[in-house]
Each structure stands twice: as C-alpha cells, then as structure tokens.
Amino acid sequence: MSDIFQDNMHDTDLVINLPNHLVISLTILSKVVKEKNLDELFKLGGGKGIAVSLKTDVNRGIDGAVEDRQKEFGTNTYIKPPAKGFFHFVFEAFKDPTILILLACAALSLGFGIKENGPKEGWYDGGSIFLAVFLVISVSAISNFRQSRQFDKLSKVSNNITVEVVRNGRRQQLSIFDIVVGDIVCLKIGDQVPADGLFLDGHSLQVDESSMTGESDHVEINQDRNPFLFSGTKVSDGYARMLITSVGMNTTWGEMMSTISQDSNEQTPLQARLNKLTSSIGKVGLAVAFLVLVVLLVRFFTGTTTDENGNKEFNGFGKTKVDDVINGVLRIIAAAVTIVVVAIPEGLPLAVTLTLAYSMNRMMADQAMVRRLSACETMGSATTICTDKTGTLTLNQMKITKFWLGKECIEGKSYVSIAANVLELLHQGVGLNTTGSVYVSSASGLEFYGSPTEKAILSWAVLELNMDTEKVKQNFSVLHVEAFNSEKKRSGILMKKVEDDTVHAHWKGAAEMILKTCSHYYDSEGNVNSLNNFERMKFDQIIQGMAASSLRCIAFAHKQVLELEDVNPNGQQKIQDNGLILLGLVGLKDPCRPGVKTAVEDCQYAGVNVKMITGDNVFTATAIATECGILKLNEEMDDGLVVEGVTFRNYTEEERMEKVDKICVMARSSPFDKLLMVQCLKKKGHVVAVTGDGTNDAPALKEADIGLSMGIQGTEVAKESSDIVILDDNFASLATVLRWGRCVYNNIQKFIQFQLTVNVAALTINFVAAVSAGEVPLTAVQLLWVNLIMDTLGALALATEKPTMELMEKPPVGRKEPLITNVMWRNLLAQAFYQIVVLLALQFKGESIFGVNEKVNDTLIFNTFVLCQVFNEFNARKLEKKNVFEGIHRNKLFLGIIGITIILQVVMVEFLKKFADTERLNGRQWGFCIGIAAASWPIGWLIKCIPVPEKPIFSYVNWNKLRCM
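Within every chain, residues take consecutive numbers counted from 1 along the sequence as written. Local features are withheld for residues below a pLDDT of 70 in this predicted model, meaning they are given only at 70 or higher, and side-chain atom pairs are given and counted only at 80 or more; totals for whole chains, interfaces and linings count all residues. Working from all heavy atoms in the structure, the side-chain values ignore hydrogens and water.

Moving on to the pattern of salt bridges. Salt bridges are defined by distance alone: a side-chain nitrogen of Lys or Arg within 4 Å of a carboxyl oxygen of Asp or Glu. Tallying each qualifying case throughout the model produces 27 salt bridges. Its salt-bridge partner being D673, residue R649 comes within 2.7 Å of it at the nearest N-O pair. Remark: D673 occurs in helix α23 (residues 671–683) and R649 occurs in helix α21 (residues 645–650); sequence separation between them is 24 residues. Across the pair E801 and R877 runs a salt bridge whose closest N-O atoms are separated by 2.8 Å. Under the scheme used here, helices are H or I runs from DSSP no shorter than 4 residues and strands are E runs no shorter than 2 residues, and both carry numbers assigned from the N terminus.

Let us now look at the packing of aromatic side chains. Within 6.5 Å between ring centres, the rings of Phe, Tyr and Trp (the latter by its six-membered ring) count as paired, and their orientation is classed by plane angle as stacked under 30 degrees, edge-to-face over 60, tilted in between. This model, assessed by the stated rule, comprises 14 aromatic pairs. Taken together, a centroid distance of 5.7 Å and an interplanar angle of 70° make the contact between F86 and F87 edge-to-face. Among the aromatic residues, ring-to-ring pairing joins F871, F874, F885, F894 and W937 into one connected group. Positioned above the aromatic ring of F894 is the side chain of R877, whose terminal nitrogen or guanidinium carbon lies 5.6 Å from the ring centre. Sitting above the plane of the W941 ring, K882 keeps its charged end 5.1 Å from the centroid. Counted as over-ring charges are cases with an Arg CZ or a Lys NZ within 6 Å of the ring centre that also lie within 35 degrees of the ring normal.

Of note, the phi angle at Q367 is positive, near 70°, even though the residue is not glycine. The phi dihedral of R668 falls on the positive side, at around 45°, and the residue is not glycine. Note that R668 resides in the loop between β26 (665–667) and α23. Between buried and exposed lies partly exposed: a residue is buried under 20% and exposed over 50% of the maximum accessible area for its type, with that area taken using a 1.4 Å probe on protein chains only. Judged by relative accessible area, which is 11%, R668 ranks as buried.

The next point concerns the side chain of T392. With respect to the secondary-structure elements, T392 resides in the loop between β12 (384–387) and β13 (399–405). Beyond its immediate sequence surroundings of up to four residues, T392 is in contact with T387, R593, V596, M710, D729, N730 and F731. Contacts were defined at the residue level, with two residues in contact if any of their heavy atoms lie within 4.5 Å.

This part covers the packing of helix α29 (residues 854–876) against helix α33 (residues 936–943). In this analysis, axes come from line fits to C-alpha atoms, helices being fitted only over the stretch in contact, and the angle between any two N-to-C directions falls in the range 0 to 180 degrees. With their axes 9 Å apart at the nearest point, α29 and α33 run at an angle of 35° to one another. Judged by the sense of rotation from one axis to the other, the crossing of α29 with α33 is right-handed. Listed contacts from α33 to C868, F871, N872, F874 and N875 of α29 are S936, W937 and G940. Under the grouping applied here, Gly and all other residues not named as nonpolar or charged are polar, the nonpolar ones being Ala, Val, Leu, Ile, Met, Phe, Trp, Tyr, Cys and Pro and the charged ones Asp, Glu, Lys and Arg. Here the residues of the contact of α29 with α33 are counted per class, giving four nonpolar, four polar and no charged. With the far helix as reference, a near helix turned anticlockwise by less than a right angle produces a left-handed crossing, and one turned clockwise produces a right-handed crossing.

Looking now at the pairing of strand β18 (residues 490–497). The element β18 is extensively covered by neighbouring structure, given that seven of its eight residues are classed as buried. When strand β17 (residues 476–482) meets β18, the two strands line up antiparallel, connected through six bridges. Along β18, the bridge assignment pairs S477 with K496. Where β18 lies against strand β19 (residues 503–510), seven bridges are found, and the strand directions are antiparallel. Along β19, the bridge assignment pairs G492 with W507. Hairpin connection between β18 and β19: a loop of five residues separates the two successive antiparallel strands, and D501 in this loop has a positive phi of roughly 60°. Should DSSP find at least two bridges between two strands, the strands are regarded as paired.

The subject of this paragraph is the confidence of the model for the protein chain. Regions with low pLDDT should not have their predicted coordinates read in detail. Think of pLDDT as the predictor's per-residue confidence, scored from 0 to 100. With 88% of its residues at a pLDDT of 70 or more, the protein chain has an overall mean of 82. The low-confidence segment residues 1–12 (pLDDT under 50) makes 22 contacts with residues lying over four places distant or belonging to another chain.

A cavity here means a set of points on a 1 Å grid, drawn over the protein atoms and nothing else, where a 1.4 Å probe fits but cannot get out; a pocket is an open set with protein on both sides within 12 Å along at least five of seven lines, and a residue lines either one if it has an atom within 4 Å of a point. Grid points are joined across faces, edges and corners, and a volume is the space filled by probe spheres set on the points. One pass over the structure, following the stated rule, counts four cavities of 30 Å³ or more. In this structure, the largest cavity spans a volume of roughly 60 Å³. Along its surface, the largest cavity is lined by Q753, N827, Q831, N872, N875, G940, I943 and K944. Counting residues per element, the ones that place at least two in the lining of the largest cavity are α28 (822–850), α29 and α33. For the lining of the largest cavity, the residue count by class is one nonpolar, six polar and one charged. Considering only enclosed or pocket space, the second largest cavity measures out at about 40 Å³ in volume. Those elements that place two or more of their residues in the lining of the second largest cavity are β22 (551–561) and α20 (618–628).

This part is about the nonpolar core. We call a set of buried residues a nonpolar core when its members are Ala, Val, Leu, Ile, Met, Phe, Trp, Tyr or Cys and they connect through side-chain atoms within 4.5 Å of each other. Of all hydrophobic cores here, the largest spans 82 residues; its most connected members are F731 and I752. When residues in this core are grouped by element, the largest group, 14 residues, is from helix α26 (residues 731–773). The residues touching F731, leaving out its near neighbours within four places in the chain, are I385, T387, T392, L393, R593, V596, A599, V600, C603 and V610. If you look at the next biggest cluster of nonpolar residues, it comprises 50 residues, including A289, F314, V866 and C868.

One less than the number of residues in a helix, times 1.5 Å, gives the span that helix is expected to have. When the terminal C-alpha atoms of helix α15 (residues 452–463) are compared, their 16 Å separation across twelve residues agrees well with the 16 Å that a helix rising 1.5 Å per residue should span. Counting buried positions over the twelve residues of α15 gives nine, a clear majority of the element. Here α15 has its buried residues at P452, T453, E454, A456, I457, L458, W460, A461 and V462.

Listed below in structure tokens is the structure:
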C-alpha cells in the first residue's frame, strides 16, 4: 500500500497518484465529489481512472489490505455529539410539576415540624418528603438514562446495515461500517448508498436525495452527466456499481450527522394519557386538600377542636397564646399537605417507562426491533394486519420445480433435448437480464448472489441448462436495461451481439404479463409458432395450473430488434415490448414457513383480521393463502374474498369502503394498491399494521398505524419508514409482537388499578378522619412509603409480567376506549371500599377494641393499610380471571418484590419508630393485620363474579349537559 499512498507536505492531507503523472489529495477528490465538479473529475481520469490510482480492479474490487486503507483513509463511522449524561435527566426530572408540588410540601412540612417540635425531631416529616423526592428523581433519572442508552444501542443496531461489495472478484455482504475507500459496491432498488463515491457502470439508476437536499424528485445517475453518489441517499430505480471515494466523517452525510443528536424523548400516546390522568388526580387531591384546610380551620377557630387534655384549642384571639394559634394552624396546613402528597400517583409515569423499556428489550430477543416506542402499545390495539407473502408467510427459499417450453413440460434428462437456438436464447435471457451473479470458488465451487428469485433462476440455468455466464457476457454488450420493480413486475434488457452486431431484446417477469406482450412462442424443437387465441388459452391454463400448486410463474420472452426505436426522454434506447416470442415458463416453489398457519390462527382468534397483499397472480395467492390459513378451504371461491389490485383500484370510493372488510387476499397488487387499502381500513376505524420490504412499500408503511419492515429482505427505505423491524422476516414473530403490544397495555392497566386503589383508599381515610376528628391517622412519611416505595416496587412487579396466550383471547383494545375500564372500576372501588371501612373502623373504635393507646392504634392502621396493598398486588395480576395465582411461580421478580416489600414493612414498624412515627406490634396484632389484609383475596374473587356492562360507565354521563348547567 505504501506505493499507493504518499505523504504530502501536510501530514493530515493524503495524496494519491493518478494517470498521466497527476497527483491529487484526498481532500480535493472529496471536494470534487461533494461539489459535483464534472470537468475536474474528467481531468482526473473519471471514475475508472481514479479506481486505477486507488489500486482497485473495477471487475474484481480490492484485494486485501483493508486495514491499511482504514488506517490511511479512516473508517466508515461517524462522530456523533456526546450522549446526554445522567445529570441531564436529573435536571429534567425536576421540571415535573409533581416533583415541584412535593418539594413545596416538603419545605412547608419541614418548617412547620421544626417550628412545632424543634430541629431534633421536627425534621422527620419534611425530611422524609425530601428523601422521597430524592428517590423519585433518582429512580426516574436512572430509568430515563438507561432508556436513552438502550435507544443508542438500538440505533447502532438499526444503522448497521449490510451492503453488497465486490472484493477479490467475489460479491459478499458486508457491514456498512466495514466499507473502505476503493471498494466496489453493488447498488439495487431500495439500497442506501453507504458512502460518497462515483458511478462506474449500471443501468437506469435513480436516487432519492431528499435526505440531503429536501427535494423529493429522483435524480438520474449516469457516467457522462452525473456520476456522483452521496452517502445516506436511497436508490429508487435501476442498479449500478459504484467506487467509494470518501468514508465516514469525510462524506457529506458524515458532516451532517456530526451536528445531529438523535432524541429519544419520544412521548407515546399512552404516556400522554397517563400524564393527563396523573394531572387530573393531582387536581382532585388539591381540591380535597383545600376543602380539608377550610373545614379544619373553621373547626379550629370556632373552638370545636380540643387538645390532649380535652381543653379547647382556641378560646378567642385575646385568650389564646399567639404561639398556640400558629402551632394549631401549622398542624392543619401539614394535614392538608399530607392529603396532597397521597393524592399524587408518582408511580404511574415510572410504570410506563419500566414496562416500555422491559418490553423493548424482550421484543428484541423475540426478533422484533422497536424503532418507535409508540408502536409497542399501538400494536396491542391492531385490528387488521396486512402482510406480504414472500419471505413473511413463506421461507423465501426459491427453487425452480417446473419448466414449460411451448406446451411441453421439460423435466430431468429432457433438458438435453432442448433445441440449440432456444437454449442459447435462454442463456442470454437469464445470464444478462439479471441483477444476480455467479462466482466460481476453488474452495466451495459455485456460489450464487442476488435476490432469492434471481439465485433460483441462475442456479437452474447454470446447473440444468449448462449456462456459462462469463461466455454470455463476453458475446454481448448491453445497450439499455429496464430494472424490475413491483409496479412493472418485469425487467428488460436491450443488447448487441458482438459477433454480428444484431440487436436483441429480452424480457423476464410475471408470466401472464409477459404472455400479453407475445405474438409467437418457441416449442422444444426450436420452431416458432403463432400464438392465436386458442394457444393463448392453453398457456393461461398452464400458468393457472402452476399457480394453483403454489408456484410463482415467471416467463421469458425474446425479440430480435431490426430497427431501434426512438430514444426515451432520458436519452436511452427504448426496449421493444410487443410482438415478442415466448421462450418458456418456469414455476418457482417457495414453501410456507413452519408455524405460520398457527400464528395466523392465533391472530384471527384474537380478533385481528389477516389480509395477504402480494404481487403474485390470483391463483398462486389463493393457494398460499389457503395453505397459511388466511382463507379456509370452503372460502376459496367466495365472491369478494380475493381481488386483484387493479380491480380494487378501479372500485368507486363507496365500493371500496363497502368491500374492504371482506377482502382477505389482494393479488397482483402495486404499492399504491396497498396504500389505498390501508387508507380505506383506517377510514373505517381499524388500527392497521402493515408489513413491507420494498422501497415502494414506504408510503403504506408510513400511512399505517404500525409499519413493520423485514430485517433480512427489507430495503433500507422500508426499514426507515417502519416502526418495528421484524429481524427474521417471520410472520410468527409478528404474532409475538401483537402479544407484546397487548401485554404492555395490560400491564399498565394492572398497575393503574393497583395504584388508584391505594390513592382512593388513602385519600378517603385521611379526608374523613381529618374532617371528623381533626387529625390524620397516616402521617406524611407513612403515606410516602405507601405511595412511593411500594408503588415503585409495584410498578416493577406488575410492569414486567410476560405476555400470555390469554391476552389473545380478547378482542383488540379500541383506539378510543377508556384507559380505566368498567372491570377496573369494579375491582378498585370494591377493594378501596373494603379498606376504607376496615381502616375507619380502626380509626374510631380501634383503641377500645384492642385496648391500646392512640400511637399503637395508628400503627395498626398503617400496618393493615400497607399489608392490604401487598395482598391486593396479587389481585391486580389478573383483571378479570378469578385465579390470581396462575403462572405466579414463573414470575420470580414478582415474588421477590413481594418479599422485599414485607421485609421493609417489618423494618418500618419494628425498627424505625421515630422516623416512621410507629410503635412495635406484638404477634397477635400482626396476626390481626395479616388476617384483615388477606381477606382482600376472597373479596376479589367474589367481586369478579359480578358482571359489568361493556359500555364505559362514564359514557352514560352527558358531559355537555353538565357544562351547560
């Protein structure tokens, strides 16, 4: 490598030798590409001249020395702005209104406590609130910090795309990060250009530069007028080979990326709804606290309240000491502050963060990479899945199992009987009209590269028809190529024979479409026969027969061009596509994936409609759909279940809206048809998930509620347009994503039920006690312990439940269904009512029942209340099922958290007497607390026997009328 790269006067600016003894620095070469300076490029010898100077063989690529090139020119990685540190998230947590209210409460409580009890003991309540706020901020910041790191990790995985590179004469898949200056990269539709470089050769290449320029028009790339390719742009049509001239930070994209920081602070719809719920509950708490404050102040100043000795606390302004009045008022304000503290559900935002982070990690292990957090929860509401066939429902392992030459099926040894002229034409059509390639390896023999379809056709031609690809390429020069895309469903090539300068057109594509362009056909003896209506019908039957056997049908056609047609607007020859001679038909078998039928049935059982949208013809599509369980055997011929894309497209708006629900299979569809179906389904109120792998699928993926791209066959354009990437391209993984989506939503609902039970019970108990007795039984420290520590642990326990099959037994959650369902209201109100009754009984009669003093009684109330939440945590595991212990042995985390909570509660009661304001309890008193708390299990079982209406309870209230009153 030392003879290629020389040190210039400046160490940082490398130079390369060019033809004609020219020398140019890499900085200038990079500038030539970035500025699209065509004149300067031609002076430097063009793309091929620079390839020579970089010691790159334009056919074989580079030979080794990759590390030297990385050392000299840098790696294809970008320097990004530093990630947000931990203290950034601490600062963000302080902006939460909940935290600000708690800090104000802590400051008031600390001041009142020190004023009333002195600094030695008066700091307990205020200090504990400050401690609680510290814990909230710590947990929130740690959780968000970890989520940010996880997002960066996922970002690295999603950016690590594979590209096809020619090295040592062999095409191979490499990571984009392994690309070096001098590499030859093969580009096809949907690929992302991996670095800056120059066009070497190819056909019909167009790129989407909108990521660089913001312009949506596709730019044509060719050798004469615009050979410049830029990192980050996407191939929208054609194919080509490019020479890499700049990598990493030296590229245009690298310069842009160094200034852009990806933000992971996306707020999902569920998080937004929960923040609204938290805010609403906080407002209720403030209103109740204000009411308590007013009532207690009125009672105090009217002389209703008494001190410990039974004397009136207030006897009038002249008769009561000012200090006593201030202390009394401060005590009342402290009680009101306590009400606010208990009203704010600090655990809710944390629960969402935990469950989303947990589910993202688990989904990654289940072959689904989440690109947008909102997709986790939206997937749980999906009512319709529009799926591709190839590679998703099938294995995408193509093999030619049928070959028809004329009206004769050629099998096995019959290949040798094919006429020489037909065989030569087949070699031309397969060997040149392809984006695949054949590599002869001394170690492993023949290796085939390209898409599964191209590899299947190439391997068939080489192994069965004895095609020599190198010989075919030497005998012809390519004039023009029309690349295959999902709209045209065919590819064509115009070529000139070197030997006699004759020009030939070859077409390959969907059998019935190629057949329409043919006027004659070859038979096995090499004779050309006229394709009349009767013969055409025979060929239609052959195609339908193969399609009914789940085979993908591809036809080859040829025509010798006697007179070239006028050039098209791009200055290229037009390939004639009429009056062709049919060369033959092949049927490719692509077996269904194992387990796909079960996955489809699981989705259908869960109330999710599965629709197959494919480019294959009606017969192949129907056969595969039946094999996968999308269509039932007796449904195949039902009118309206299977349509072609063109039929759906030509329906009126009203007809589409009327028929879209019934359609199960759409065959011969274009990406526009897929987009049209998604739009229709959304208009009808469906939550739509769409799978896509091609560049043209991008509009449908963006339009859908959840876009799912394929990790293996998916193009980079499709992946960037999607919300979730299915890493193994398997429909069964899609069904797993559906389960996880429902699990996220279900886990959040479990925690809301648990959290609100705590809040409703605590708020009511403190409110009633404060109004009736003038004091609260649960102190700020105790309430914060229940509301924060238990809820944090509760969030961890309930938010990490794994998905079960019972989630698939319910219909999808509607887009506008309330977060708190009737079932949840029934469960939480019943448990809260039980706790309120028991604890208020203890508040007013506990001392006489147990013969204890007020301090012990208050401890009994606190201990019973906490244990009620521990037992109720089991009830929250199942919202509707009566058996709350089902599968509990598999959730070790839940059992561990329950154990930790009980241990911490024992410590609070028995050892932290001053801090928690508690007294030690004896065995009998502990037994009573546990017995009362355990009663929540049978109560939960009985409550679930009571049916509730499906219609949300608040829908019966006419809110508009209430506003007008």
